[in-house]
Amino acid sequence: QQKLTSFVAKLTHLRAGNPVLRRRQFFQGQPICGDSAKDLVWFTREGRVMNESDWNATSTQVLGVCLNGQIEEFDDRGQPISGTTLLCFFSAENRDIRLRLPQLSKGQFWHPVLDTARETRLPRKLRGGEYYHISGHSCVVFELSRSWLRAAQHLFSRSSETMPRPTIQRRAGR
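Here the structure is a predicted model, which means the values were calculated and not measured.

Observations concerning the overall build of the protein chain
Here is step 1: Helix and strand content of the protein chain: three helices and nine strands.
Here is step 2: Taken from the N to the C terminus, the helices and strands of the protein chain come in the order α-β-α-β-β-β-β-β-β-β-β-α.
Here is step 3: Within the protein chain, buried positions represent 31% of all 174 residues.
Here is step 4: Taking contacts inside the protein chain between residues at least 6 apart in sequence as the whole, the part at least 24 apart equals 61%.
Here is step 5: With the model as given, the accessible surface of the protein chain reaches about 12600 Å², and the carbon-plus-sulfur share is 51%.

Okay, here's the thing in structure tokens:
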């Protein structure tokens with residue numbers, strides 16, 4: 001009973017913390033606001049974007065879906081809603097397999113946040129192209145994250161402002 005309660009709490013926390021899981025509109029698989037990034041992309045177990053033959057293959061037992069955290073929706077105050085990009089893999093295999101994570105830009109990582117087959121601590125963050133072992137009949141969810149330095153550079157590169165320098169106040173008499 002305790003394991004189930006803990007698992008449900010994890011799921012609730014994951015959903016509450018990720019606006020992409022609470023969308024008001026269905027995914028379209030279309031570019032967002034003229035950007036080349038789509039709102040939803042499907043992946044194979046090899047970490048590549050699925051094509052027509054992948055969808056028609058009867059042997060497909062593993063599907064990955066990437067949900068872009070930058071969604072074209074607004075909250076009740078008219079502010080854009082944005083969140084974390086999530087990558088979910090679903091396995092219908094009868095055995096454990098290794099899947100390859102989709103490639104990422106430099107400084108970005110996949111951080112596992114939920115694995116339905118593991119009760120123990122999840123592994124460190126993984127780079128795009130690395131492998132992850134997924135158990136049969138399970139699901140794993142990753143968050144897209146950036147290293148601290150990259151995140152800081154990204155924040156300030158989007159702004160025309162420069163990072164303010166700290167001011168040092170000197171005490172009188174020195």
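Observations concerning the packing of aromatic side chains
Here is step 1: This structure, assessed with the given rule, holds two aromatic pairs.
Here is step 2: For the ring pair W42 and W55, a centre distance of 5.5 Å and an interplane angle of 80° mean the geometry is edge-to-face. Residue W42 is found in strand β1 (residues 40–43), and its partner W55 is found in helix α2 (residues 52–56); the two are separated by 13 residues along the sequence.
Here is step 3: With centroids separated by 5.1 Å and ring planes inclined at 85°, the aromatic side chains of Y132 and F142 adopt a geometry described as edge-to-face. With Y132 in strand β8 (residues 131–134) and F142 in strand β9 (residues 138–146), this residue pair connects regions lying ten residues apart in the sequence. Each member of the pair Y132 and F142 is classed as buried.

Overview of the pattern of salt bridges
Here is step 1: Under the definition given, this model contains five salt bridges.
Here is step 2: Ionic pairing is found between E93 and R45, a salt bridge with its closest N-O pair at 3.0 Å. In this pair, E93 sits in the loop between β5 (86–91) and β6 (97–100) while R45 sits in the loop between β1 and α2, placing the two residues 48 residues apart along the sequence.
Here is step 3: Take E93: its relative accessible area is 10%, and that puts it in the buried class.
Here is step 4: The salt bridge partner of E93 is R95, with a shortest N-O separation of 3.9 Å.
Here is step 5: Residue classification places R95 among the partly exposed residues on the basis of a relative accessible area of 48%.
Here is step 6: Linked by salt bridges that have partners in common, R45, E93 and R95 make up one network.

Examining the nonpolar core
Here is step 1: Within the largest apolar cluster, 15 residues are counted, with the highest numbers of intra-cluster contacts made by L87, F89, L101, Y132 and F142.
Here is step 2: Other than its neighbours up to four places away in sequence, F142 contacts T85, L86, L87, F89, L101, W110, H111, P112, V113, L126 and Y132.

Thoughts on unusual backbone geometry
Across the chain, the bulk of peptide bonds are trans and the bulk of non-glycine residues have phi less than zero.
Here is step 1: Non-glycine residue H137 carries a positive phi angle of around 55°.
Here is step 2: Checked against the element boundaries, H137 lands in the loop between β8 and β9.
Here is step 3: Relative accessible area serves as the criterion here: at 54%, H137 is assigned to the exposed category.

Comments concerning the confidence of the model for the protein chain
Here is step 1: In the predicted model, the protein chain carries a mean pLDDT of 79, and 76% of its residues have values of at least 70.
Here is step 2: Across residues 148–171 the pLDDT falls below 50, and counting only partners more than four positions away or on other chains, this stretch makes six contacts in the model.

With respect to the sheet that holds β5
Whenever strands of a sheet pair, they do so through backbone hydrogen bonds, lying parallel or antiparallel.
Here is step 1: Taken in spatial order, the five strands make up an open sheet running β1-β2-β5-β9-β7, and their pairing is antiparallel. Only two strands of the sheet have a single partner each, and these edge strands are β1 and β7 (108–115). Ignoring which end each strand starts from, the neighbouring axes of this sheet average 25° apart.
Here is step 2: With six bridges connecting them, strand β2 (residues 62–67) and β5 associate as antiparallel partners. Pairing of C66 across the sheet is with L87, part of β5.

Definitions and cut-offs
- Residues numbered from 1 in each chain as written.
- Predicted model: local features only at pLDDT ≥ 70, side-chain atom pairs only at ≥ 80, totals over all residues.
- Heavy atoms only, no water.
- Helix = DSSP H or I, 4+ residues; strand = E, 2+ residues; numbered from the N terminus.
- Buried < 20%, exposed > 50% of the residue type's maximum accessible area, 1.4 Å probe, protein only.
- Contact = heavy atoms within 4.5 Å.
- Areas by Shrake-Rupley, 256 points an atom, 1.4 Å probe, with all protein chains shown as cover.
- Phe/Tyr/Trp six-rings, centres within 6.5 Å; stacked < 30°, edge-to-face > 60°.
- Salt bridge = Lys/Arg side-chain N within 4 Å of Asp/Glu carboxyl O.
- Core = buried A, V, L, I, M, F, W, Y, C linked by side-chain atoms within 4.5 Å.
- pLDDT = per-residue confidence, 0-100.
- Pairing = 2+ DSSP bridges.
- Axes fitted to C-alpha atoms, helices over the stretch in contact; angles between N-to-C directions.

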